[in-house]
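Next come the chains, spelled out residue by residue.
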Amino acid sequence: MSSEVFKDATRMSGGRASDEAIVAMEGVYKRFKEFEALKNINFQVGKQEVVVVIGPSGSGKSTLIRCINRLEEHDDGRIIVDGTELTTDVRNIQEIRKETGMVFQSFNLFPHLTVLANIALAPRQVRGMPKSEAEALARELLERVKIPEQADKFPAQLSGGQQQRVAIARSLAMKPKVMLFDEPTSALDPEMINEVLDAIKQLAQEGMTMVVVTHEMGFAKEVADRVVFMADGEIVEVGTPSEIFDNPKEERTQKFLAQIL
Amino acid sequence: MITWLRRNLFRTWWDSIMTVVFGYVGLWVIWTVIEFVFVTGRWEIIQVNLKLLLVGRFPDELMWLVGASLTALAFWVAAVAGGSKIDLNNVQTIPQRLFDYTRRFGLIVALAALLIFLAADIAALLLAFQVLGAVVVGRLVGLARRKVSVLGAIPSIIWHPMLGSPAIALVLVTLMESTLEEWGGFLINFYMAIISIVLCFPLGVLLALGRRSSFPIIRLVTTTYIELIRGAPLFVLLLLAGVALEFFIPPSIAPDAIFRGVTVFTLFTAAYLAEIVRGGLQSIPKGQTEAGKALGLSTTKITYLITMPQALRNVIPAQIGQFISLFKDTTLAGAALNILDVLNVGTAITKQQDFLGQGLIYEALAFVALLFWVGSYVMSRESQRLEKRLGVGVR
């Protein structure tokens, strides 16, 4: 299966939408000193696909998506994003980061900039967009995440849920081809989780390609095209939400689901 | 009133003793100072030598240049401050504003009044009004930039140097028209401090970045530099700059003492500043860099758009502390490099024939200390204001 994925990814430009893989990983390993965080990961994300990654903590979920935009450097194997292979070449890395948006658990908004400036920063500085155009784009995105009235505030003046929605808008401003979500609701108070999940769902409905690491199983069932279950740095099982949640084949998956549901 | 006294000063017998003892000591100190200032102090030594203390043997016919450059400098500062976009508090009432202005500028105005009184010269009064006018005009220009969109569109990197160019030009003209040996007094301390602060800031930031560089050679060089400079007493470095340069450079083209002083102050303060800035950079969470990377920003842009602005803002108190100490340390240059700075003038005038052997060193030193204290106080106040404006600790 893995070599198939690989070919699909490399002949990007001519291919039909259905067999284009935006992200393809083949035989990826990641080690932190002695510890193997990722072992032989073979994985693909198709265009407009929503993949949800679940698994116990320490299973390598975050490491997996952080490898996709090179926040972590993989030690072995190949990662191809939108037809470009991740190598040590800085230009390649920059290209890939322009096409992948990432939303973090702890928001990581820039505290010294207003909400509007947070969102307009990357389009201006990376894409060279004029200030007025970037700010118009930022306002439009704030409208989309339903907080247009917060544009001139500073991040510290916003609630956690609002901050995370600003972070989503900030990533979208680069018009990425794929969005990576690293536990986007884990740092939120319970009453704010839904407003963020709704924003992500809306994105999924609009056809955004996404990889979401989450502990929100309800969300996974509802939104995912495919669910990936990881444990001990390996992908244990991949399937549709009903396959994974209603009918898990692997013992480790069954155990994990029994614990959390 | 009486209940307040009871509660705060005389609650127990021990409190009462402390209140009486410290109250007595405090009153005694205040009385002694008042007595010195108004009764026993013989201030004619300051009055007679006021010009020497402030500008040394600066030629009279060039004094207008000093006044003009001070005016241009005041205009620049007022324009930059008046044009900053964040207002501390819009709902201030007029009495509150007056109180705020008094706290900020009262001391400077009082010092200016004292100097004009001592000088008893109409030119000094005119200069004061000239500077005041420059501040008002500067503030209006700054405000205009906020209100008029055409001016607001000019990028800061062009706007600020443009406003500052008259000041810089006038200082340069003053330097060219006079010889450095003619400079003296507080003027020297003031300009040495300002020039060193302006020069050491970028150098300190670069050193801080160098020490965090991923290139081992750059790290080694900057770390060695910082540790060597920080390991030596400032006074020793100043003395070295005075004598050791002759080993390398023939005396005929050896730089002037003031130039050496500025060089040492710049290099010395930059090393300390580098460590302050590095501390600031370390306080920025890793997530900030990661967010910048994830958006596709280059490492350089992440540094100057994201981490460095936050780091510099976090270390404002330490930076200003370093600048204040640099300002006061300029008196060391007087001693080490034989520059006729305000302290040297202050001790020299007590040896004039009219004042010799009369124990007037107290008056001279008190006046020198007053000049530095007012300068340091203003720097410290304005830095607190800057912190509030930038919202340190609020985010």
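Residue positions are given per chain, counting from 1 as you read along its sequence in written order. For this description, chains carry letters from A and ligands carry numbers from 1, given in the order in which they are written. In view of the model being predicted, local features appear only for residues whose pLDDT reaches at least 70, and side-chain atom pairs are presented and counted only at 80 or more, with totals across whole chains, interfaces and linings using the full set of residues. In computing side-chain properties, one takes all heavy atoms of the structure into account and sets aside hydrogens as well as water.

**Quick notes on the packing of aromatic side chains**
- Only rings of Phe, Tyr and Trp enter the pairing, Trp through its six-membered ring, and a pair is recorded when the two centres are within 6.5 Å. The plane angle decides the type: under 30 degrees is stacked, over 60 is edge-to-face, the rest tilted. Taken as a whole, this structure holds 12 aromatic pairs over all chains when the rule is applied.
- Seen from their ring centres, A:Phe229 and A:Phe256 are 5.1 Å apart, and the 40° between their planes marks the pair as tilted. A residue pair is termed long-range when its members are at least 10 positions apart, and A:Phe229 in strand β9 (residues 226-231) and A:Phe256 in helix α10 (residues 251-260) qualify at 27 residues. Of the two residues, A:Phe229 and A:Phe256, neither departs from the other in class, the shared state being buried.
- Where B:Phe268 meets B:Tyr272, the ring centres are 5.0 Å apart and the plane angle is 45°; that geometry is what we call tilted. Highlighted residues: B:Phe268 and B:Tyr272, both in helix α14 (residues 257-282), separated by four residues, approximately one helical turn.
- Three labels apply to residues, based on accessible area from a 1.4 Å probe with only protein chains included: buried if under 20% of the type maximum, exposed if over 50%, partly exposed otherwise in between. For B:Phe268, a relative accessible area of 10% translates into the label buried. Helical segments are the DSSP runs of H or I of at least four residues, strand segments are the runs of E of at least two, and each set is numbered from the N terminus.

**Examining the nonpolar core**
- Formed by 52 residues in total, the largest nonpolar core has its most connected members in A:Ile54, A:Ile119, A:Leu142, A:Ile168, A:Met179, A:Phe181 and A:Met210.
- Ranked by residues supplied to this core, first place goes to helix α7 (residues 190-205) of chain A with seven residues.
- Whether two residues are in contact is decided by their heavy atoms: any pair within 4.5 Å suffices. When sequence neighbours within four positions are dropped, the list of residues in contact with A:Ile54 reads A:Lys61, A:Thr214, A:Met217, A:Val227, A:Val228, A:Phe229, A:Met230, A:Ile244, A:Phe245 and A:Phe256.
- Within the second largest apolar cluster, 48 residues are counted, among which are B:Leu187, B:Leu281, B:Ala311 and B:Ile339. What makes a nonpolar core is a set of buried Ala, Val, Leu, Ile, Met, Phe, Trp, Tyr and Cys residues whose side-chain atoms join them at distances within 4.5 Å.

**A word on the packing of helix α10 (residues 185-211) of chain B against α14(B)**
Residues and elements named next belong to chain B.
- Note on geometry: axes are C-alpha line fits, over the in-contact stretch for helices, and angles between N-to-C directions span 0 to 180 degrees. Here α10 crosses α14 at 40°, and the two axes come no closer than 6 Å. Considered as vectors, α10 and α14 are oriented oblique to each other. Of the two elements, α10 crosses α14, and the hand of that crossing is right-handed.
- In the contact of α10 with α14, the residues fall into 21 nonpolar, five polar and three charged. We call two directions roughly parallel when the angle between them is under 35 degrees, roughly antiparallel when it is over 145, roughly perpendicular when it lies between 65 and 115, and oblique otherwise. The sense of a crossing depends on the near helix, which, turned anticlockwise from the far helix by less than a right angle, makes the crossing left-handed and, turned clockwise, makes it right-handed. Note that Gly is not counted as nonpolar here; it falls among the polar residues with everything else outside the nonpolar set of Ala, Val, Leu, Ile, Met, Phe, Trp, Tyr, Cys and Pro and the charged set of Asp, Glu, Lys and Arg.

**So, the domain arrangement of chain B**
All names here are of chain B.
- Taken domain by domain, chain B consists of domain 1 (41-59 + 182-395) and domain 2 (60-177).
- For the pair domain 1 and domain 2, the two sides together bury roughly 2500 Å², of which 70% comes from carbon and sulfur.
- Every case where a carboxyl oxygen of Asp or Glu lies within 4 Å of a side-chain nitrogen of Lys or Arg is listed as a salt bridge. Our count for the contact surface shared by domain 1 and domain 2 stands at three salt bridges.
- For the purposes of these results, a polar contact is taken to be a pair of N or O atoms within 3.5 Å, where, inside protein, one atom must be able to donate a hydrogen and its partner to accept one; residues adjacent in sequence count only when each atom of the pair is a side-chain atom. Connecting domain 1 to domain 2 are eight residue pairs in polar contact (both at pLDDT 80 or more).
- Looking at the side of domain 1 that touches domain 2, the elements that each hand over two or more residues are α3 (44-48), α4 (50-55), α10 and α19 (361-389).
- Looking at the side of domain 1 that touches domain 2, the element that brings in the most residues is α19, giving 12 residues.
- By residue class, the composition of the side of domain 1 that touches domain 2 is 19 nonpolar, one polar and six charged. Start and end points for every domain follow an automatic or database-based domain assignment. Buried area counts how much accessible surface, traced with a 1.4 Å probe, disappears from two parts once they are put together, with both parts' losses summed.

**Side note on the sheet that holds strand β5 (residues 84-85) of chain A**
All names here are of chain A.
- Only strands joined by at least two bridges in the DSSP assignment are considered to pair. If you walk across this open sheet you meet the four strands as β2-β1-β4-β5, and the pairing is antiparallel. Where the open sheet ends on each side, the last strands, each with one partner, are β2 (35-46) and β5.
- As paired strands, strand β1 (residues 21-32) and β2 are joined by eight bridges and run antiparallel to one another. Residue pairing in the sheet places Lys30 in a bridge with Leu38 of β2.

**Quick word on the confidence of the model for chain A**
- Of all residues in chain A, 93% have pLDDT values of 70 or greater, and the mean over the chain is 89.
- Confidence per residue, as judged by the predictor, is encoded in pLDDT with a range of 0 to 100. This model gives residues 1-18 of chain A a pLDDT under 50, and the stretch forms 22 contacts once residues within four places in sequence are excluded.

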